[in-house]
Amino acid sequence: MTSSNNTDTRLMTGNEACAEAALVAGMRFFAGYPITPSSEIAEVLARKLPSSGGVFIQMEDEIGSIAAIIGASLAGVKAMTATSGPGFSLMQENIGYAAMTEVPVVIVNVQRGGPSTGLPTLPSQSDVMQARWGTHGDHPVIAVVPSTVYETFVWTIKAFNFSEQYRVPVIVLLDEIIAHINEKITIPAHDELAIIDRTLSSQPPESYLPYKNTPSGVPLFAGFGTGYRYHVTGLCHDETGFPSSNARIVEELYLRLNRKIDQHRNDIIEYQTLDLDDAEICIVAYGSSARSAQRAVRIARQDGIKVGLFKPFVLWPFPGEELAELTRKAKTIIVPEMNLGQIAHEVSCATRKDVVSVNRVDGTLITPQEIVKRIYDVQV
Amino acid sequence: MFRYEYYLRNKHFPHIWCTGCGCGIILKSLLRAIDRSALSKDEIALISGIGCSSRTPGYVDFNTLHTTHGRALAFATGLKLAKPDLKVIVVSGDGDATAIGGNHFIHTARRNIDITAIIYNNHIYGMTGGQASPTTPLGKRGSTAPYGSIEPDFDISGLAIAAGASFVARSTCYHAVQLDKFIEKGLSKKGFSLIEVLSPCPTYYSRPNRLGTAVDMMRWYKENSIPFARAKDMSAEERRDKVITGILHDIERPEFCEEYKRLTERVKGT
Amino acid sequence: MSFRYEIRLSGSGGQGLILAGKILAEAAAIYDNKNATQSQSYGPEARGGSSRSEVIISDEEIDYPKAVNIDFLLCFTQEACDKYCVDIKEKGILLVDSDYVTKVPEGKFTVHKVPITTIAEKQAGKSLVANIVALGIITGLTGIVSKKAVESAVLSRVPKGTEDLNTKAFNLGIDLARELK
């Protein structure tokens, strides 16, 4: 394949692929604030959105950025922001607001070392629990974790699809490695990609209930300024959208918010396996660590060790049931991650197996050799 | 004949505001100004943050958005840019706009985006029980300033002017007729317009500061307000503890949505 | 037979090593239709500080994208050379810019000392294109990417108006490699 072919093959970074994919998904509003290592996403979109009929705005901070994209999404426009650790922390309250008010938005968090300013230019995977539980309250969220530039492209589009379909904030968790690596990617033809838009209400405005339960649990959307004059609040509300502290209504709201993800988890969850059928040792790895894990499996398999890989694309909701089923025969599970064992704990809860962690928090990608060593350790 | 009921979500009354609160006065003034501006209910988006004033959107029949504390202007910026044909109005309190939301406040003014902000200044956090705010005057008490505030207070209008707003006016709940006019002017102004309204909080500001009833507060506004035109020639000493009312600032500056549109045309043209 | 070739370009920020790495990866991946990744490690400095750009070229999918067993190491500073020469594999190649690297370590690898920056300045006309001269040497010495592919990638990545300068620099590197072989 060469550049003269019709297929669109390019060398691209994860950040570039994320920005390109967002445009393909129909994103036409980006608000952000500069932060390493995510800034290239904003830079690409600052160049491209004005000529694509979209809006790019650099806000005064990350809180303003996520507020602005929620405002834009209420007008019916697909909207996104991109940030990294410190900015992701600042966004948490309004991520909760988007969850509570069911406004579709996509938040990209390019993980770097933390807490605090941490390691601005170096990779980490230490925001995976924050992605799930960062904002206060019980709330549903979807987080995806690509591990290649191609996967970043595909999963950014899926992030928009999930967000539109279920009306939830969706978090794309990249890390500095994926964000900055230049890799060959063949961009799928647009007609091969499914693009989902939020379902609009066809009710007349007089009888429109903005938070009415539906069989899918997802209310029908009406954009601001389209003749539906309704109320949106972060307070607990009834199906009309107005505040309520009635115990039954409040409970129904919380349960529906969670149910709309729970009942679609099989449509959301996706993962990849490698050599898992006969595996006595299973490696669970995501994001850039999965690349090292894949190499480790290949090396160990050459030595005849029965080891396989489970690589989730969707980290939240966590694919615990699937993992438990696929690792029924495994004796040990190894979880390499660039944090001190955040997902290892989740894996342990889901599988009730011996879970061995391989951790690095020094801003360095775990090497295949480190994982291979642990495979030999647990083998004996 | 003008009817408030036309603009209100009547079944959501009674409202939550205390007797003597200025929120209702400002709400009615806003509705009169909107009516005079001949805006349709569908084209108005009313956005707020958190606080007593921020409950206003729930009571009016527009596209209404009750957001998080301090962030109304940032939400409004996103909505306005995504749908520039909406008339976007923000209602906010002194704490919401100039403490937690101070950053959004100055940058919204700097961009001069076509949003009208009405800031209810009652010098106190009413919703949470009377804590001191950035506009609590020096020496005045709040539940978190039991010995009197030792912090200088913010001049909300001055802040907006310095940051780049194109229209800034100040009024009080006593001067309701004047307020109608200012809001109407603000709504018709292309760019960021800000109307600061001094508003009584008899429950949490007047009482601990022994300023009397809501009626006493209205009398105080009446007796201590000085029109901007007259105040210009007064010394700082004469202006102390007075409320300078009027249109304080009214200039033409490039508006952000239009500038963005121009940018897109320029980029597409090349 | 599958192969994996690891290249590390090291020096300090502002020497164009990240760009050189991207060009090399693009040449291999797009113009030569192999698989290639380019990744980097960098500090807070846009200029100065240490800079490291790594290119992996393979005929199969590249999972682990970092260089650990280096086939080719380029060093533009003494510091980088001291730090990274231990990662070169047996029979690997070390290329140093002798304008900056004076103490060259010994090991079971081939060493080439070339005053790359001086050559760029004197013969191409600008020290700025030292990275492209180096690309020419790497291309000529290793044969891991075709000359044509790198030339195309150089032209697609360098700023408009500098094509002639960069082509000249690249060809200087190719000629130098011929002499070194």
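Residues numbered from 1 in each chain as written. Chains lettered and ligands numbered in written order. Predicted model: local features only at pLDDT ≥ 70, side-chain atom pairs only at ≥ 80, totals over all residues.

A word on helix H6 (residues 156-163) of chain B
Residues and elements named next belong to chain B. When we look at burial in H6, the residues that qualify are Ile156, Ser157, Leu159 and Ala160. Buried residues along H6 cover an arc of 160° about the axis, so they all sit on one side. Where H6 is buried, its residues meet helix H4 (94-100), helix H5 (102-111), strand E4 (115-121), strand E7 (167-172), strand E8 (193-198) and strand E10 (243-250). In the stretch just after H6, glycine 164 is the one whose phi turns positive, near 125°. (Buried ≥ 20, exposed ≤ 12 C-beta atoms within 10 Å, placed from the backbone. Helix = DSSP H or I, 4+ residues; strand = E, 2+ residues; numbered from the N terminus. Arc of directions from axis to C-beta. Contact = placed C-beta atoms within 7 Å.)

Notes on the interface of chain A and chain B
Contact with chain A, which involves 34 residues of that partner, is made by 34 residues of chain B. Elements represented by at least two residues in the side of chain A that touches chain B include exactly strand E2 (29-32), strand E3 (55-58), helix H3 (62-74), helix H4 (85-101) and strand E10 (231-233) of chain A. Counted by class, the side of chain A that touches chain B contains 21 nonpolar, 9 polar and 4 charged residues. Summarising the sheet, E10(A) and strand E2 (residues 63-66) of chain B pair through 3 bridges and their orientation is parallel. Following the sheet pairing, A:Thr233 is matched in E2(B) by B:His66. (Nonpolar A, V, L, I, M, F, W, Y, C, P; charged D, E, K, R; others polar. Pairing = 2+ DSSP bridges.)

Describing the interface of chain A and chain C
Accessible area lost upon the coming together of the parts serves often as the stated size of an interface. Facing the 21 residues of chain A at the interface are 21 residues of chain C. The set of elements that each furnish at least two residues to the side of chain A that touches chain C consists of strand E1 (8-13), strand E6 (119-123), helix H7 (176-180), strand E9 (182-187) and helix H10 (289-302) of chain A. A total of 4 residues in the side of chain A that touches chain C trace back to one element, the largest contributor, which is H10(A). Classifying every residue of the side of chain A that touches chain C by side-chain character gives 7 nonpolar, 9 polar and 5 charged. Pairing of E9(A) with strand E2 (residues 35-42) of chain C involves 2 bridges; the strand directions are antiparallel. Bridge pairing links A:Asn182 to C:Gln38 in E2(C).

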